[in-house]
Amino acid sequence: MPARLLSIPAVAAALDVDRRTVYRFVAAGDLPVVDLRTGTGRSRIRVPAAGLDDFISSRAVIAPRPRR
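Note that the structure is a prediction, hence the values are computed from the model and not measured. (Residues numbered from 1 in each chain as written. Predicted model: local features only at pLDDT ≥ 70, side-chain atom pairs only at ≥ 80, totals over all residues. Heavy atoms only, no water.)

Caption draft 1: Structural detail: the pattern of salt bridges. In this structure the tally under the stated criterion is three salt bridges. We note a salt bridge from Arg-59 to Asp-30, for which the minimum N-O separation is 3.3 Å. Of this pair, Arg-59 sits in helix α3 (residues 49–59) while Asp-30 is found in the loop between α2 (19–27) and β2 (34–35), placing the two residues 29 residues apart along the sequence. With relative accessibility at 46%, the residue Arg-59 sits in the partly exposed group. In this structure, Asp-35 and Arg-37 form a salt bridge, with 2.9 Å as the shortest nitrogen-oxygen distance. (Salt bridge = Lys/Arg side-chain N within 4 Å of Asp/Glu carboxyl O. Helix = DSSP H or I, 4+ residues; strand = E, 2+ residues; numbered from the N terminus. Buried < 20%, exposed > 50% of the residue type's maximum accessible area, 1.4 Å probe, protein only.)

Caption draft 2: Spotlight on the packing of helix α1 (residues 8–15) against α3. One way to put it is that α1 packs onto α3 with a least axis distance of 12 Å and a crossing angle of 30 degrees. By the angle class used here, α1 and α3 are roughly parallel. Both α1 and α3 take part in a crossing whose hand is right-handed. In this structure, α1 uses Val-11, Ala-14 and Leu-15 to contact α3, whose residues at the interface are Leu-52, Phe-55 and Ile-56. Classifying every residue of the contact of α1 with α3 gives six nonpolar, no polar and no charged. (Axes fitted to C-alpha atoms, helices over the stretch in contact; angles between N-to-C directions. Parallel < 35°, antiparallel > 145°, perpendicular 65-115°, else oblique. Left-handed = near helix turned anticlockwise from the far one by under 90°. Contact = heavy atoms within 4.5 Å. Nonpolar A, V, L, I, M, F, W, Y, C, P; charged D, E, K, R; others polar.)

Caption draft 3: Seen up close, the pairing of strand β3 (residues 45–48). Of the strand pairs in this sheet, strand β1 (residues 5–6) and β3 are connected by two bridges, and their pairing is antiparallel. Bridging from a neighbouring strand, Leu-5 pairs with Pro-48 of β3. (Pairing = 2+ DSSP bridges.)

Caption draft 4: Local environment of the environment of Ser-7. Here Ser-7 is to be found in the loop between β1 and α1. Residues Ser-7 and Val-47, spaced 40 residues apart in sequence, show a C-alpha to C-alpha distance of 6.5 Å.

This is how it looks when you write it as structure tokens:
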């Protein structure tokens, strides 16, 4: 089954951040991308849904216990 690919605006909406933040995550290597370049023009990148899930899992933190 082919991987589900998400656009940058869709990833930004899922993370509730600006598109520029998603591009920063991509540039830092934190989010994997697939480049769908179709010629000499701009590249068209997409984020695999599984890569987004892994990114979210890697950033999850456990809330500290309240002090007594």
